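Secondary and tertiary structure notes
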Amino acid sequence: MNSKRVFLLLFFSLIVGNLYSQTIRGTVKDGSTGKFMPFCNVFINNTTIGTVSDENGFFEISRNDLPGTLSLVASFVGYETFSQEVSIGEGETKTVDFTLTPLESVLSEVELKSRRDKPWERNLKRFEKVFLALPDDPISDGQEILNPWVLEFEKVKPDKGPNYIQATAQQPLIIENSALGYKIEYYLQDYKLYKDKSQYFGLAFFEEIEPKDSLTKKQYQLQKETSYQGSLKHLMRSLLVQRADEQGFDLYITHPEQMDRRRTNTYTVELGESIVPLSQDSIRRIPLKNGNFRIIWPDRVEVHFLKKSWLNNYYQDIYHPVGWISAPRGYFDIDRNGVPIHPTQVVLSGYLGRPRMGRTLPHDFIPPQTFENFAEELNVVKAQANRWENLRERPYITTNKPYYFPGESVWLGGIMLYKNQFFKDSLSRLLYLEFRDSKSDLVFEEKYPIRDGKINGAFQLPDSLPPGDYFIKAYTEWMRNYPEKDVYQRAIPVLAKGTNIEAQATQNRDYGGDLVFHFRDSVFMKEGQKVILVTIELLDALDEPLGANFILSATDQQFVSSMDNQNNLIKAFEWLDEESKDPLSINPQYPIEYGITVEGRFTKSKKRQPDINPITIVRGDLADYGVVSTDTSGYFRATGLNFFEWDTLAMAALDEKRKPYGSVELLDRETPVFRGSSPKLDYSIYEMSANRGAYDEFGDFILLEEFVAEDEKIEAMEDRYYGYGDPNFALDSEDLDNWPGSTLDQVIGMRLGNGGNGGLGNYNFGVGAGDPLLIIDGFRYQTDSTTETASQVLQNYTTDEVKSIAIYTLNAPVFGLGGFAGVIMIETKRGDRFIPGGERNFNDFGFNKFLLKGYARQIPFPNEPNAETSLGRRQTLYWNPSVTTAEGRYEFEIYLPSGVNEIDLRLEGVTEDGLPFWWVESILIEKNITSVQE
């Protein structure tokens, strides 16, 4: 049968199908009593077609445009909603009976509303973004759930697979879509929100809203037509009558990336390479007996819709919508209106995956033959604002106690808050902290590393620091692109020795209000020291153990008074729910920093030297090194250095013979000027009794260390990845046997799907990562893109001569500047590795050298004193800024100086569900010793 005859058959079936009346009739019964149920809603899913059962429970729907396969739904308040799939032919009458089961318990509106709390409100916001409309869709403001209180949210932790948030509703959601002019009853069947994806399914009945005037009516129709144009339904209807080209669709078969070629974002380059035009005539459409059609679908098809302008994020040289359709089974069935019979047969992405309920049209919507205008479908300003909003970050920092005295050490612990947790690994790894006085004058500044979103460090207060109200400011360089209110501030009162603060009553807080803390303790003697063993158990509302990460401090209540008016993590989390009043559309001036950062300028020594020059940077005696390129003005920037206190950086441009030329100068970083008032706490001071002073001045405390020398297996450095920790990916000799004779660039390309270009994609937003660092048999192998790339080096090695490959991507910062773009560690069978103690000193002749300050000096807290040192009285008894519970439980020991009668434990952290808490627990030290441990 030729294509012309197929077209005539399909077109004829679409027209003739409307000439025969179709009838569905039946009854609805109560499953508990067997009686017929009047006033039940009976409707065809996702349409405006429906009716109500009469006093005898009878219903009838008669139309001439019903699809061959449909889902018929019956519902009544207080009963489970039930649906049946019905197949009906032209002129056919079908009988369908329903038996509805009463719900076991039906909560009243008052009871449902009483369950709303902050976690529920946060989950509702997420639900609305997933369910109603994308934030950058102009119609998002025209969507409202009129009865949101019927929703209940639950955190589900399956035995296998990731955790997710599940939503259920005993009653239908009532949605008012004032943009398209529909009121929708939505019977939610399933909703799951994962970390990086979401899914929902339900049954919907559409009712048209009567427009208040002709202008509103015209606006409704315009938005409906705009939602239809370029949609899946539009494409499928066009394919059925072979008018896809005429309607503005271009189709392409997509090819997977090849090992010898990397995909670009240029349409003209990819045409004929990764995408090949697909003729609509080659797509088979098979009429089925039930009036539906089976579409035989090629693997993955790229769909371009040419009749709309669109802000394209995929191709840089075209400006229309692009989406993708795949069919896991190789086919899918649609009705004559172009609607998929089983939505799970079709996987949509890109533009075709954007529509939510706000853009959903009922299946019986009949589009016009021609379209004159389009309503705005993408708010460009809002899309850009949402993009930058997702990249916002803010620190939260707490301290080991609420106030201090001159000469004491201040220990810090904290976390980074991210507007979108998905970008956590792409954002800053360097935090600036400023210590300022009551006039906002800078006293000193320090830098701290951010590791896995956590902050940990300390600083020393000068002995000569005058008492007064001080505060800290904490920020990242990237935060300077955003409103100044994001900068974190915390008040740090500094008292004169011999004084103290009147205690304030504190109130324990957790975000959901349903956490349970259990504390147990016992006192015993250990190696002549008095010790208290404390066990903390954290339970959720179901009395199930709950995992958490938190900061823990213990202070002597006699010397450290409680204060309730300081910042806490509960307040800090409110920033996550704040919505910007003014759209954020920024042009980033301040880049993301992945470690200690240096900026400099290169000056040529001869005019004929190139405009762009590779600058080699070496820290210390080859402790770290890397290569960065200047721009045409000579400016360069390097980030990713990791070291504490002070170190020397040597910098130079090297020619092909590795000889330095030109000169390098280091540019000073300017401390930003922040405006606004300084935070100040309300408190009262009193004079302490004589001889009652004790302060956190530890001097040079020696921590206990454990040594195991006898009968211990000595692991080779290469067996422990040279001390760098476990990689993200590892291939041993058995794995490499699967690619005999292949070069390493091919193996890594196949393993990571990067086309064999040697790049690892370190997820550094807005920064060209460049070449990964190569470590071959323990040696760092230096490459730069101007002379030799990592890919070229990898081509020199085959799997036959290699024992193992270790690949670091997200945890590459441990390698410093060199690991900025990831690390590939290779262990060859020859094993020519560096022998410790050999001559490998760096020759810095011709290099410009600079003394640079790194992260703040590390001051470990002495939780375990030296056994030979007398344990003196102090204010802070225990400090751990990185507690992680094991099945909701954490156990630790506190060494008790003589005279401690009562201690205050302070816990501040986040549960595994992402809910913050702030908790203070007082423990009275019992005089009786329970045991003695030698």
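Below, the structure is looked at part by part.

Conventions we followed
- Residues numbered from 1 in each chain as written.
- Predicted model: local features only at pLDDT ≥ 70, side-chain atom pairs only at ≥ 80, totals over all residues.
- Heavy atoms only, no water.
- Phe/Tyr/Trp six-rings, centres within 6.5 Å; stacked < 30°, edge-to-face > 60°.
- Helix = DSSP H or I, 4+ residues; strand = E, 2+ residues; numbered from the N terminus.
- Buried < 20%, exposed > 50% of the residue type's maximum accessible area, 1.4 Å probe, protein only.
- Pairing = 2+ DSSP bridges.
- Salt bridge = Lys/Arg side-chain N within 4 Å of Asp/Glu carboxyl O.
- Contact = heavy atoms within 4.5 Å.

Things to note about the packing of aromatic side chains
Taken as a whole and judged by the stated rule, the model has 39 aromatic pairs. Ring centres of Phe 131 and Tyr 186 lie 4.9 Å apart, and the angle between their planes is 70°; on these two criteria the pair is classed as edge-to-face. Residue Phe 131 is located in helix H3 (residues 118–131), and its partner Tyr 186 is located in strand E13 (residues 182–193); the two are separated by 55 residues in the primary sequence. Each member of the pair Phe 131 and Tyr 186 is classed as buried. Relative to Phe 892, the ring of Tyr 878 lies with its centre 4.7 Å away and its plane at 35°, an arrangement referred to as tilted. Placement of Tyr 878 in strand E49 (residues 876–884) and of Phe 892 in strand E50 (residues 889–896) is noted, with a sequence separation of 14 residues between them.

What to know about unusual backbone geometry
Even without being a glycine, Phe 39 presents a positive backbone phi close to 65°. Relative to the elements of secondary structure, Phe 39 occurs in the loop between strand E1 (22–30) and strand E2 (41–44). One non-glycine residue, Asp 452, adopts positive backbone phi at about 55°. Summarising the element assignment, Asp 452 is placed in the loop between strand E26 (442–451) and strand E27 (454–460). A relative accessible area of 56% means that Asp 452 is categorised as exposed.

Digging into the pairing of strand E25 (residues 430–436)
Look at any regular strand and the pattern is simple: side chains alternate between the two faces of the sheet. Of all 7 residues in E25, 7 are buried, a share of seventy percent or more. The alternating pattern of E25 places Leu 430, Tyr 432, Glu 434 and Arg 436 on one face and Leu 431, Leu 433 and Phe 435 on the opposite face, and all of these are buried. Pairing of E25 with E26 involves 7 bridges; the strand directions are antiparallel. Among the inter-strand pairings, Phe 435 is bridged to a residue of E26, identified as Phe 444. Taking the residues that link successive antiparallel strands as the turn, the E25-E26 hairpin has 5 residues, and the phi of Ser 440 there is positive, at about 70°. Where E25 lies against strand E28 (residues 468–475), 5 bridges are found, and the strand directions are antiparallel. By the bridge assignment for E28, Tyr 432 is matched with Tyr 475.

Considering the pattern of salt bridges
With the rule as written, the count across this model stands at 24 salt bridges. A salt bridge links Lys 401 to Glu 408; its shortest N-O distance comes to 2.9 Å. Residue class for Glu 408 comes out buried when judged on its relative accessible area of 0%. Ionic contacts of the salt-bridge type, sharing partners, join the residues Glu 389, Arg 392, Lys 419 and Asp 486 into one network.

What to know about the environment of Gly 323
By secondary structure assignment, the location of Gly 323 is in strand E20 (residues 322–326). Spatially, the C-alpha atoms of Gly 323 and Val 301 are 8.5 Å apart, while their sequence positions differ by 22 residues. When sequence neighbours within four positions are dropped, the list of residues in contact with Gly 323 reads Val 301, Glu 302, Val 303, Ser 349, Gly 350, Tyr 351 and Leu 352.

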